[in-house]
Amino acid sequence: MWCLELLLPLLLFISDASCQWNVWLPRDISAMTNSCVVIPCTFMYPSGIRPSRGIHGIWYFGQPYPQLFPPVVFKSRTDVVHESYKGRTKLLGDLHQRNCTLLINNIGTEHSGRYYFRADLGGANIYTYPDFTELKVLDQPNIDVPEEIVSDESLELTCYAPDNCPDMTPEIQWMYTDYLPDPEFSTDLVEESNTAVLSNTLTFTPRPMHNGQLLGCRVYYPNTTLAYERLISLDVKYAPRSVWVNASSEVMEGSSVTLHCEVDSNPPARIAWMFGDQELLWDTASNVSLMLDDVTPANEGIYTCVGDNGYGIMNTSLYLAVKYPPHEPVVNDSITVVEGTTLALHCSTQGSPAPTLTWLKDGQLVGTITADELSVLTIVEITPQGDGQYRCLAENEHGRASSSLNITVEYAPVLLEESKCTVVREGVQCVCMATGNPEPTIEFYLPDLNITINETDGRYNFYMHTDGHTSTGMIKLREKGERVENGSPAVNVHCSISNAYGRESILLELQQEKKYMMAVIVGTIGGVAVIAFIIAAVRYVGHNNKKENGNPRQDVVLENPALYYSAVKKDKQNLRKKVLKTELLGSKFNSILEETTGEDGDYQSVGTMAGLERQELNYASLEFIGARSREGASGRRDDGSNYTEIKAK
């Protein structure tokens, strides 16, 4: 208030110079509720006016015109004032000194408004000054907050308290500053237009974590119960400091997945989901979700969430893996190659996780198992055994798929070990077997006769058969040829095999002769054994007939051997039944013979007993030697059994 005392003489000096109706008072002034306020005021009037009955003054509230009956705040002539100002107002200035300063005590918010001064110099010299003071009665202090608070930039917050009450001096205190980083405080008193304002400035550097935090300013008057507080919430602007998305995940083909993104920023960021360079979805919010339905392998890849709020930009990515069984592998086309060619078979597929690729040939594993989407099977100098079907099998934990190709190997003919000449009953049989691709052609050449035998030649019972890549040719030579020193027939047969890739000729060796001779020997012995069995059977039948006729057991001389043979023949039916058992012997004999010779069909078998009856009896005759006994030929043994001599002619 000391400045007011210095300013008033100066104003009076100026007024004397101008000699006009004029008033000076602060445009704005403030005070805290329940406190007081002093409104400084100096007025002037024309110098030619001489107040006859002194100088009086009136303060109005709200309006400067008495005819509108504004509330009277203070009146020097009387104590008649508006009800709301009774006992509250007091004129501090001396009107004769042109000082109209007004004190208002115990003010409330209802006292906020415009205040006008009216000078009464007596008679017609009454003037209401149009200038006014705007009084603001505050129930809380003012805090000067910048329009924008940016993270990591120094911030100043100032709290103001009016100091326009001469009897009370306010003090300012900041609240809730414990969490602030290195706060600084400074106090200042600002006087302007004869009004005073006390201020306290808080300086610190806010962080994103301070956004939304409360700060408070407390104004109080010592030695009183008057205290005023104001709280503010910090609105700290900061760039996106975190972008949260789902963890990278795996989904099955055909399923649905939702990708979530949350961005921590102030103000809220523009959030966009990107797949590569393509923007799939965006929105200005704190979080955005992207839904993918019926995913395919094309949806696999990196998804990026980008947050941008003008203060900064941040992004985070995730990888979406789409799992699916292997696709059908792509392999080479089926091919035909020549023996000795080197091949590279390619198999490629797609699957997630990466499938294992396995090469199989005719169901058997070939090569190595590859855990990749490409497998190359290299076949170096392929052989005829490489001919067949090759299948590439792709497998992973979700399924399997395969593709096949055929490799046909063409090669020159190769003679097989089964090629030979063999002695048979009709003569010599020569067989020539060869394999090749294309199927080989077989010809026989007889150098002794200078004859070539092939499928166009019907001589020598030429026969040819093809089975796959194997050809078989056969001829039969009726004449066994000349005998060499060891008794074997002389055979000179050449076999010629050929196809588009080669030709070969070889002399066929005569084989199986020893086995044939052994078969003849074994067959002869077997025949004799069968004949002996038949004769024993005949004797058995004759002996039974004697018993049936009641003839006593004695030595008998057959008078008519022919009749006896006839009787035996008539009992042929019984003989057959007993002899049928020998067929089993014949069959078993043939089996033994085949095992001995190793051939089937080259020789004529001994035959069944029916055949023997027709054949062997033609080669044997029975002689019955009268009633005369011949020692060592016919008679009775010591054991009493009869016997007869049998001669083979």
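Residues numbered from 1 in each chain as written. Predicted model: local features only at pLDDT ≥ 70, side-chain atom pairs only at ≥ 80, totals over all residues. Heavy atoms only, no water.

### So, the overall build of the protein chain
Using the following cut-off: Secondary structure elements follow DSSP: runs of H or I of four or more residues count as helices, runs of E of two or more count as strands, with numbering from the N terminus. Here the term buried applies to any residue with accessible area under 20% of the maximum for its type, exposed to any over 50%, and partly exposed to those in between, with areas from a 1.4 Å probe on protein chains only. The contact definition used throughout considers only heavy atoms, calling two residues in contact when any of these lie within 4.5 Å. For the area figures, the Shrake-Rupley method with a 1.4 Å probe applies, and any residue is considered shielded solely by the protein chains shown.
Scanning the protein chain from terminus to terminus reveals six helices and 47 strands. When each of the 649 residues of the protein chain is scored for burial, the buried share is 40%. For the protein chain, contacts bridging at least 24 residues in sequence account for 63% of all contacts bridging at least 6. Carbon together with sulfur atoms contributes 49% to the accessible area of the protein chain, which is approximately 36500 Å² in total.

### Thoughts on the nonpolar core
For the record, the criterion: For our purposes a nonpolar core is just a set of buried Ala, Val, Leu, Ile, Met, Phe, Trp, Tyr and Cys residues, chained together by side-chain atoms within 4.5 Å.
By size, the foremost hydrophobic cluster in this structure holds 29 residues, and its most contacted members are Phe 43, Trp 59, Cys 100, Tyr 115 and Phe 117. The set of elements that each furnish at least two residues to this core consists of β2 (28-32), β3 (37-39), β5 (56-61), β6 (72-75), β8 (102-104), β9 (113-120) and β10 (126-138). Discounting chain neighbours no more than four positions away, the residues touching Phe 117 are Cys 41, Phe 43, Gly 57, Ile 58, Trp 59, Leu 95, Cys 100, Tyr 127, Thr 128 and Tyr 129. Formed by 28 residues, the second largest nonpolar core is a distinct cluster that contains Cys 159, Ala 161, Val 219 and Ile 232.

### Quick word on the environment of Leu 259
On the secondary structure map, Leu 259 appears in strand β21 (residues 257-266). Residues Leu 259 and Leu 290, spaced 31 residues apart in sequence, show a C-alpha to C-alpha distance of 5.0 Å.

### Observations regarding a nonpolar patch on the surface
Counted only if it meets this: Two joining distances apply to patches: 9 Å for like charges and 5 Å for nonpolar side chains (Val, Leu, Ile, Met, Phe, Trp, Tyr), and every residue must have over 30% relative accessible area and no salt bridge. We define a salt bridge as a contact between a side-chain nitrogen of Lys or Arg and a carboxyl oxygen of Asp or Glu at a distance within 4 Å.
The grouping of Tyr 176, Leu 214 and Leu 231 at the surface amounts to a nonpolar patch, some 290 Å² of accessible area in total. Looking at where Tyr 176 falls in the secondary structure, it is placed in the loop between β14 (171-175) and β15 (184-192).

### Some details on the state of the cysteines
Definition in use: When the sulfur atoms of two cysteines come within 2.5 Å, that pair is taken as a disulfide.
On inspection of all chains with the given rule, the structure shows seven disulfides. Covalently, Cys 432 is tied to Cys 495 through a disulfide, its sulfur atoms 1.7 Å apart. Between Cys 432 and Cys 495, the disulfide has an S-S torsion of -70° and is therefore left-handed. With a gap of 63 residues between them, Cys 432 in strand β36 (residues 427-437) and Cys 495 in strand β41 (residues 493-499) connect regions that are remote in the sequence. Accessibility assignment for this pair places Cys 432 and Cys 495 in one class, buried.

### Description of the confidence of the model for the protein chain
Definition in use: Confidence of the predictor in every single residue is expressed as pLDDT, which spans 0 to 100.
On average, residues of the protein chain score 80 in pLDDT, and 75% of them reach the 70 mark or higher. Note that residues 1-18 has pLDDT below 50 and, in this model, 18 contacts with residues that lie over four places away or in other chains. Contacts of residues 550-649 to residues separated by more than four positions or lying in other chains number 102 contacts, the stretch itself having pLDDT below 50.

### Focus: the sheet that holds strand β13 (residues 155-162)
Worth spelling out the cut-off: Paired strands, as defined in this entry, are two strands with at least two bridges between them according to DSSP. Axis geometry follows a simple rule: fit a line to the C-alpha atoms, using only the stretch in contact for helices, then measure angles between N-to-C directions, giving values from 0 to 180 degrees.
Read across the open sheet, the four strands follow the order β11-β13-β16-β15; overall the sheet is antiparallel. On the outer flanks of this sheet lie β11 (142-144) and β15, each paired with one strand and no other. Ignoring strand direction, the axes of neighbouring strands in this sheet form an average angle of 25°. Alignment of β15 against strand β16 (residues 195-204), held across nine bridges, turns out to be antiparallel. Looking across to β16, one finds that Ser 186 is bridged to Thr 201.

### Looking at the environment of Thr 205
Within the secondary structure, Thr 205 is located in the loop between β16 and β17 (214-220). The class of Thr 205 is partly exposed, set by a relative accessible area of 25%. Considering only alpha carbons, one finds Thr 205 and Val 150, 55 residues apart in sequence, at a separation of 9.0 Å. Not counting residues within four places of it along the chain, the set of residues in contact with Thr 205 comprises Asp 152, Glu 153, Ser 154, Pro 181 and His 210.

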